[in-house]
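This is what each chain is made of:
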Amino acid sequence: MDLSDLLFEIYPYAKSLHIMAVISWMAGLFYLPRLFVYHVEQAEKVPDSLPIFVMMEEKLLRIIMRPAMYVSWAAGLLMVLTPGLVDWSSLWPWTKGLSVLGMTWFHHWLLLRHRDFATGKNTRSGRSYRMMNEVPTLLMVVIVISVIFKF
């Protein structure tokens, strides 16, 4: 069995794993900015809650989001490497790829914002986190339309 045959053989597993990992990653990308909003707007009103917010954000990033991002990328790359699966002369794989890079950038932006909170250096408002919370939604729309319509 050569590499192409192996990639075709594991394709349904890679695709299933990719979908599950993306759902988990997206859940974190949607939830973490909301946690930041609550952190900014509510934490100082409730005594001793700042460390709880930081811990919740850290666990979301470390236990759910980071592994889900890695698995999404790994399973996605396995599918991309499967010969004949992607028509590279079409526009859709490029729009999806750029959007996935955008999601990855957003993930790292959230990580940096978490570090700001953990070190007491956050300068952003709840409103700015609410606005940034729309970024993964927009990227998800581009990704889904790209993959479904294959334009």
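Reading the values: the criteria
Counting from 1, residues in each chain are numbered in the order their sequence is written. Local features are withheld for residues below a pLDDT of 70 in this predicted model, meaning they are given only at 70 or higher, and side-chain atom pairs are given and counted only at 80 or more; totals for whole chains, interfaces and linings count all residues. Derived side-chain values reflect all non-hydrogen atoms in the structure, with water molecules and hydrogen atoms excluded from consideration. UniProt positions are given in the numbering used here, feature names are shortened, and annotations may be inferred rather than shown by experiment. Buriedness of a pocket was judged along seven lines, with at least five required to meet protein on both sides within 12 Å; pockets are open sets of points on a 1 Å grid over the protein atoms alone, cavities are sets where a 1.4 Å probe fits but cannot get out, and lining residues have an atom within 4 Å of a point. Only runs of H or I of at least four residues qualify as helices and only runs of E of at least two qualify as strands under DSSP, and these elements are numbered from the N terminus. Whether two residues are in contact is decided by their heavy atoms, any of which lying within 4.5 Å being enough. We call a set of buried Ala, Val, Leu, Ile, Met, Phe, Trp, Tyr and Cys residues a nonpolar core when their side-chain atoms join them within 4.5 Å. Summary of the burial criterion: residues with accessible area below 20% of their type's maximum are buried, those above 50% are exposed, and those between are partly exposed, where the area comes from a 1.4 Å probe applied to protein chains only. Grid points are joined across faces, edges and corners, and a volume is the space filled by probe spheres set on the points. Multiplying one less than the number of residues by 1.5 Å gives the expected span of a helix. Aromatic pairs are defined between Phe, Tyr and Trp rings, using the six-membered ring for Trp, whenever the two ring centres lie within 6.5 Å; interplanar angles under 30 degrees are classed as stacked, those over 60 as edge-to-face, and all others as tilted. Two thresholds decide whether a charge sits over a ring: the Lys NZ or Arg CZ must be within 6 Å of the ring centre and within 35 degrees of the ring normal.

The name that an unreviewed UniProt entry assigns to the protein chain is Protoporphyrinogen IX oxidase, with the source organism given as Phaeobacter piscinae. The annotation that UniProt attaches to the protein chain under Pathway (unreviewed entry) is "Porphyrin-containing compound metabolism; protoporphyrin-IX biosynthesis; protoporphyrin-IX from protoporphyrinogen-IX: step 1/1." UniProt, in the comment section headed Subcellular location (unreviewed entry), describes the protein chain in these words: "Cell membrane".

**Q** Outline the UniProt feature "binding site: heme" (unreviewed entry) in the protein chain, listing residues and values.
**A** As annotated by UniProt and renumbered to match this structure, "binding site: heme" (unreviewed entry) occupies His18 and Lys96. Their sequence span is 79 residues, while the largest C-alpha to C-alpha distance among them is just 14.1 Å; these annotated residues converge on one region. The annotated residues named above include His18 and Lys96 as those lining the largest pocket. Mapped onto the elements, histidine 18 comes out in helix α1 (residues 3–42). In contact with histidine 18, other than residues within four places in its own chain, are Ser72, Ala75, Gly76, Met79 and Lys96. Those residues within four positions of lysine 96 in sequence are excluded, and the remaining contacts are His18, Ile143, Ser146 and Val147.

**Q** Please provide a residue-by-residue account of the UniProt feature "transmembrane region" (unreviewed entry) in the protein chain, values included.
**A** Under the local residue numbering, the UniProt record ascribes the feature "transmembrane region" (unreviewed entry) to residues 12–32, 68–86, 92–111 and 131–149. Between the C-alpha atoms that bound residues 68–86 the distance is 23 Å, and the span itself is 74% helix and 0% strand. Regarding residues 92–111, the helix share stands at 100% and the strand share at 0%, and the terminal C-alpha atoms are separated by 29 Å.

**Q** Please set out the nonpolar core residue by residue, giving values where relevant.
**A** Judged by nonpolar contacts, the single largest core of 22 residues is most densely connected at Leu29, Leu32, Met65, Met103 and Leu110. Looking at this core, the elements with two or more residues in it are α1, α2 (50–81), α3 (92–118) and α5 (135–149).

**Q** Please set out the layout of surface pockets residue by residue, giving values where relevant.
**A** Considering only enclosed or pocket space, the largest pocket measures out at about 980 Å³ in volume. Lining the largest pocket are 32 residues; nearest its centre among them are His18, Met79, Lys96, Ile143 and Val147. Listing elements by their share of the lining of the largest pocket, those giving two or more residues are α1, α2, α3 and α5. Ranked by residues supplied to the lining of the largest pocket, first place goes to α3 with nine residues.

**Q** Break down α5 for me, citing the residues and quoting the values.
**A** Three or four residues apart is the spacing at which side chains of an α-helix point the same way, because the helix has 3.6 residues per turn. Helix length check: α5, at 15 residues, gives a terminal C-alpha distance of 21 Å against a target of 21 Å (1.5 Å per residue), a fit within 8%. Looking at the packing, one finds that the buried side of α5 touches α1, α3 and α4 (126–132). Lysine 150 lies just past α5 and shows a positive phi near 45°.

**Q** Give a detailed account of the environment of methionine 55, specifying residues and quantitative values.
**A** Secondary-structure assignment places methionine 55 in helix α2. A relative accessible area of 40% means that methionine 55 is categorised as partly exposed. Expressed as a C-alpha distance, the spacing of methionine 55 and leucine 78, which sit 23 residues apart in the sequence, is 34 Å.

**Q** Outline the packing of aromatic side chains, supporting the account with residue identities and numerical values.
**A** For the structure shown, the criterion picks out eight aromatic pairs. Ring geometry for phenylalanine 36 versus phenylalanine 117: centroids 5.0 Å apart, planes at 40°, classification tilted. In this pair, phenylalanine 36 sits in helix α1 while phenylalanine 117 sits in helix α3, placing the two residues 81 residues apart along the sequence. Residue phenylalanine 36 shares its accessibility class with phenylalanine 117, and that shared class is buried. Look at phenylalanine 106 and tryptophan 109: their rings are 5.9 Å apart centre to centre, the planes differ by 15°, and that puts the pair in the stacked class. Placement of both phenylalanine 106 and tryptophan 109 in helix α3 is noted, with a separation of three residues, approximately one turn of the helix. Here the two residues phenylalanine 106 and tryptophan 109 agree in accessibility, since each one is buried. An aromatic cluster is defined as three or more aromatic residues linked by ring pairs; in this entry it consists of Phe36, Trp105, Phe106, Trp109, Phe117 and Tyr129. Taking NZ or CZ as reference, lysine 150 lies 4.2 Å from the ring centre of tryptophan 92, over its face.

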